[in-house]
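# Observations on chain architecture
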Amino acid sequence: MEVPLPGVTGYDSSIPKPEEVIGHQIGTKHTEPHQVVAYFEAVAAASDRVVLREHGRTYEGRPLIHAVITSPANHERLEAIRAANLRLSEAPGEVGDDELATMPVVLYQGYSIHGNEASGTEAAVLYLYHLAAGQGPAVEDALESAVVLLDPLFNPDGRNRFTTWVNRNRGAVATADPQDREHNEPWPGGRTNHYWFDLNRDWLPAQHPESRGRLALFHHWRPQVLTDHHEMGGNATYFFQPGVPSRTHPLTPPLNQELTAEIATYHGRALDRIGSLYYTEESFDDFYYGKGSTYPDVNGAVGILFEQASSRALKREVVDGTLDYAFTVRNQFATSLSTLEAAVHLRERLLRYQRDFYAGAADVARRLPVKAYVIGLEPGRTRAQALAELLLRHRIRVHELARDVQAEGKTFRAGQAYVVPLDQPQVRLVQAMMERVHTFEDSLFYDVSTWTLPLAFDVPHAALRQAPDGLLGPALTRVTRDGGRLVGGRSEVAYVMRWNRYFAPRALYKLQAAGVRPRLMPDPFTVRTGGQEVAFERGAVIIPVVGRDGPVGGVHDLVARLVEEDHVEIYAVEAGLTPAGPDLGGPGTTVLEQPRLALITGDGTSAYDAGEVWHLLTERFRIPVTLLDADRVARADLSRYNTLILAGGSYDALPGETVKAWVRGGGRLIALGSAAGWVLRQELARLEEKPFNLDSLLRGLPYDRLDEARGAQVIGGTIFEVVLDTTHPLAFGLGPTLPVFRDHSTFYRPAEEPGTNVGVYAEAPVLSGYISRERLAQASGSAAVVARRYGRGRVVLIMDNPNFRAFWWGSNRLFLNALFFGGAF
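Residues numbered from 1 in each chain as written. Predicted model: local features only at pLDDT ≥ 70, side-chain atom pairs only at ≥ 80, totals over all residues. Heavy atoms only, no water.

## Points about the side chain of Glu182
- With respect to the helices and strands, Glu182 occurs in the loop between helix H8 (156–168) and helix H9 (209–221).
- Setting aside anything within four residues of it in sequence, one finds Glu182 in contact with His30, Trp165, Val166, Asn169, Arg170, Ala313 and Leu314. (Helix = DSSP H or I, 4+ residues; strand = E, 2+ residues; numbered from the N terminus. Contact = heavy atoms within 4.5 Å.)

## Side note on the environment of Gln257
- Examined against the element boundaries, Gln257 turns out to sit in helix H10 (residues 254–274).
- Note on Gln257: relative accessible area 15%, which makes it buried.
- On a C-alpha basis, the gap between Gln257 and Asp297 in space is 9.1 Å, while along the polypeptide they are 40 residues apart.
- Each residue touching Gln257, except ones within four places of it in the same chain, is listed here: Pro242, Thr248, Asp286 and Asp297.
- Here Asp286 takes part through its side chain, which lies 3.2 Å from a polar atom of the side chain of Gln257. (Buried < 20%, exposed > 50% of the residue type's maximum accessible area, 1.4 Å probe, protein only. Polar contact = N/O pair within 3.5 Å; in protein donor to acceptor, adjacent residues only side chain to side chain.)

## What to know about the environment of Pro209
- Inspection of the secondary structure puts Pro209 in helix H9.
- Taking the C-alpha atoms as reference, Pro209 lies 9.5 Å from His55; in sequence the two are 154 residues apart.
- Excluding its chain neighbours within four sequence positions, the residues that come into contact with Pro209 are Arg57, Thr58, Tyr59 and Leu64.

## Concerning the layout of surface pockets
- Empty space within the second largest pocket amounts to approximately 830 Å³.
- Taken together, 39 residues line the second largest pocket, and the ones lying closest to its centre are Pro379, Gly733, Leu734, Gly735 and Arg813.
- Listing elements by their share of the lining of the second largest pocket, those giving two or more residues are helix H16 (453–457), helix H17 (504–513), strand S34 (737–742) and helix H25 (809–821).
- Grouping the constituent residues of the lining of the second largest pocket by class yields 19 nonpolar, nine polar and 11 charged. (1 Å grid on protein atoms, 1.4 Å probe; cavity = no way out; pocket = protein on both sides within 12 Å on 5 of 7 lines; lining within 4 Å. Points joined across faces, edges and corners; volume = space filled by probe spheres on them. Nonpolar A, V, L, I, M, F, W, Y, C, P; charged D, E, K, R; others polar.)

## Remarks on the pairing of strand S4 (residues 105–111)
- Counting buried positions along S4 yields seven of seven residues, so the element is predominantly enclosed.
- Here S4 shows two buried faces, one formed by Val105, Leu107, Gln109 and Tyr111 and the other by Val106, Tyr108 and Gly110.
- Direction of pairing for S4 relative to strand S6 (residues 146–151): parallel, over a ladder of six bridges. Paired with Val106 across the bridge in S6 is Val147.
- Examined bridge by bridge, S4 and strand S7 (residues 225–232) share five bridges and lie parallel to one another. (Pairing = 2+ DSSP bridges.)

## A word on the packing of helix H4 (residues 78–90) against H9
- Where H4 meets H9, the closest approach of the two axes is 8 Å, and the angle between their N-to-C directions is 85°. Classed by the angle they form, the pair H4 and H9 counts as roughly perpendicular. Between H4, through Leu78, Ile81, Arg82, Asn85 and Leu86, and H9, the contact on the second element is made entirely by His219, His220 and Trp221. (Axes fitted to C-alpha atoms, helices over the stretch in contact; angles between N-to-C directions. Parallel < 35°, antiparallel > 145°, perpendicular 65-115°, else oblique.)

## Examining the sheet that holds strand S31 (residues 643–646)
- Strand order across the open sheet formed by nine strands is S30-S29-S31-S32-S37-S36-S35-S33-S34, with mixed pairing between neighbours. The open sheet terminates on both sides in strands that have one partner only, identified here as strand S30 (625–629) and S34. When strand polarity is set aside, the average angle formed by the axes of neighbouring strands in this sheet is 20°.
- Looking at chain direction, strand S29 (residues 597–601) and S31 are connected through three bridges and run parallel. For Leu597, the partnering residue across the bridge sits in S31 and is Thr643.
- Strands in contact with helix H19 (residues 607–620) are S29, S30, S31 and strand S32 (668–672); relative to S29, the strand with the most contacts, it is inclined by about 155°.

## As for the packing of aromatic side chains
- Applying the stated criterion across every chain, the model contains 41 aromatic pairs.
- Look at Tyr11 and Tyr129: their rings are 5.4 Å apart centre to centre, the planes differ by 15°, and that puts the pair in the stacked class. Note that Tyr11 is positioned in strand S1 (residues 10–11) and Tyr129 in helix H6 (residues 119–133), a separation of 118 residues in sequence.
- Taking the relative accessible area as the measure of exposure, Tyr129 reaches 6% and is therefore buried.
- Both rings, one in Phe239 and one in Phe284, keep their centres 4.7 Å apart while their planes meet at 40°; by these two values the pair is tilted. Taken together, the positions of Phe239 in strand S8 (residues 238–240) and Phe284 in the loop between H10 and strand S9 (302–309) put the pair 45 residues apart, joining distant regions of the chain. The same class applies to Phe239 as to Phe284, namely buried.
- Site record: aromatic cluster; members linked through ring pairs are Phe287, Tyr288, Tyr289, Phe440, Phe445, Trp451 and Tyr770. (Phe/Tyr/Trp six-rings, centres within 6.5 Å; stacked < 30°, edge-to-face > 60°.)

## Considering empty space enclosed by the protein
- Using the criterion set out here, one finds three cavities of 30 Å³ or more in the structure.
- By volume, the largest cavity is sized at about 50 Å³.
- Considering the residues around the largest cavity, the lining is formed by His249, Phe287, Ala432, Glu435, Val437, Phe440, Ser449, Thr450, Trp451 and Thr452.
- Class assignment for the residues of the lining of the largest cavity results in five nonpolar, four polar and one charged.

## Comments concerning the sheet that holds strand S18 (residues 472–475)
- The five strands are arranged S17-S12-S16-S13-S18 in an open sheet whose pairing can be described as antiparallel. What marks the edges here is a single partner per strand, and that holds for strand S17 (461–464) and S18. With strand direction ignored, the average angle separating the axes of adjacent strands in the sheet is 30°.
- Where strand S13 (residues 399–401) and strand S16 (residues 417–421) come together, two bridges link them in antiparallel fashion. Bridge assignment links His399 to a residue of S16, and that residue is Val419.

## Here's the deal with the pattern of salt bridges
- Evaluation of the coordinates by the stated rule reveals 48 salt bridges.
- For Glu94, the salt bridge is made with Arg87, and the minimal N-O distance between the two is 3.8 Å.
- Assessed through its relative accessible area of 57%, Glu94 is described here as exposed.
- For Arg87, a relative accessible area of 26% corresponds to the partly exposed category.
- Between Asp198 and Arg191 there is a salt bridge, and its shortest N-O distance comes to 3.2 Å.
- The network of salt bridges with common partners includes Glu378, Arg381, Asp482, Arg485, Arg498, Arg501 and Glu569. (Salt bridge = Lys/Arg side-chain N within 4 Å of Asp/Glu carboxyl O.)

So far we have only geometry, and geometry alone does not tell us how the molecule works.
Shown next as structure tokens:
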């Protein structure tokens, strides 16, 4: 440390400096994830202030680490400190002010969740050295009063992708030219994790190992302050919260923002000392609870976002000169120090705030009109269980339903539903996750305006407006997915699988991979099984025991395994002649072809959207998919695939004539969200876009209101209701309506061709979230799902994103139907 810091007298020479372990000074090169881990290990081995722990592994196997940093005396009683800290949220009424006076404050300081926003992690390395080696009251006294959880690598996989690029595309002398190769990462860039997800949107959905590890650590300690260090455009300065006041979630207490603003004064003084410019309250927000800076706000803590103007490379030309990487690291380091200083000075107030946040939970629950939410297990058992798993990750209390109850026109059966009471410590988080929202103080959103989880999982649910007296059965401690069953024993003819379980597509793919040629039944029918007649809806899958070439080996054992692993319902059939409806070998059945999938990726495509498909297929459904860059399609052997997926983007590099010829020859093209525009421009389908005249809405407005007026017409994240034609194969297994997530603003009139409109938006389509009056008029009755033949092939357009952020388990099924049943219409 060349610049003296207030309250620091020196540094312990027994603690290794970063350059002694990683081989370069911080700020002179981009430090790679394995080097960060090596340095943390070295410091933990040398310092009695530091303990290093691992809280997970990434998809690529990299460790997710955190250092627990406090005084040696505190380390001696660390578990007692943690247990006392948990009482603030578990037994707040038992914690008096006198006890708060002696408790350390707990900080969770995290860095670079976007892998190419790299300065944060570099600052974390310096910060570790400072806390481990620093001498003097600014460090020693602070560590007597605080426990720091230092998480330097929120996203190791993304950082590795970024640092590999910049370090390997830099010469001995760095260039500031933004056109230089070092400054321009190739698609998909280093922002995201292995599957190209923005992990800073996953704190609430918690679908990825990085997020689940962080949540486990967060709730293991329940800190009073959590910081989240990012970067933004290079021509900016430095931002720290509070954000725009009108864009704070209404469930966040005002005192949270007051504390955030008071902590901001410490950041301001720290940056003033080194002459760095900064700002607050003019951008960013505290609305969506799925970000690192807002998730703490609904958990009794103070979350703080930092945004440093980014050099990306070692240096970069910007509007006011040259921005050096070392300068960006210095700013992030300065606010790391100021966070600790503020937390120590405000220690008792922060502890009291968290205690009172939870002590007031009962009053919050009393004021809310909803007293509990009930979630039905049928239909959609696996999805309901997955939702319950998610709630438990967030320390939300979930109970089995003890007796039958009717609510909102639905009947929920004892033992076949869950109850989530509002009278619990996590009342605010429960309400934020479950409620439908239609009114907003502000019409602009940095992220989505809604995330209602029962709609995302498409499970039967209802709000109870009376206390759930007598309804609360045993509290869940874990969820075991079940519901699979084999009825009727062994069949020598065929088995029938209902298309009613989330993992039925996974089971179907396993059957196809084993050489079984399943058939799709397009109409209702009954079979005899186990001595009784059983009725089936459209979309049941026939599993023949004997194929054209003779008996299919191992089918009986495979069926039993599918019931266990994929929780599907399968019935042993006594005869192929059915008591009602078409027979099992009727001409209306379709032999289902195993999907051979290529997902179009690369420049011009949305890495987020493509990553959601890639993750869904390979991680959750164990279905292989080829990642085929758009600029390689013209010279690729497309005969290897029967399905091409356009997940979202512009697709400027995709050769239209090549794709059209492939579809005419029998291929299936599935386009999601914004990708529908490319399909329509190629005339693979014909839809008329509904007109929208933004200029007429802006005409006459003063200059300073134009941005706000434009933003008010954006659909940044709203839940719509789609009305489905359930006789169409793409809607088999789905209800008459389906909640979908929409994050773009283009609407089309329904197709004129008969039988092609699989889904249209309801007349009053918005289930939750913000939409302007003008956009609402556009949305009503618009096309949502269109499927048509093109030559010998098929084209499917799903206007929304059915796989949004991996937690839309409900609409996933629409996409999977397109993959497996896309040739059945």
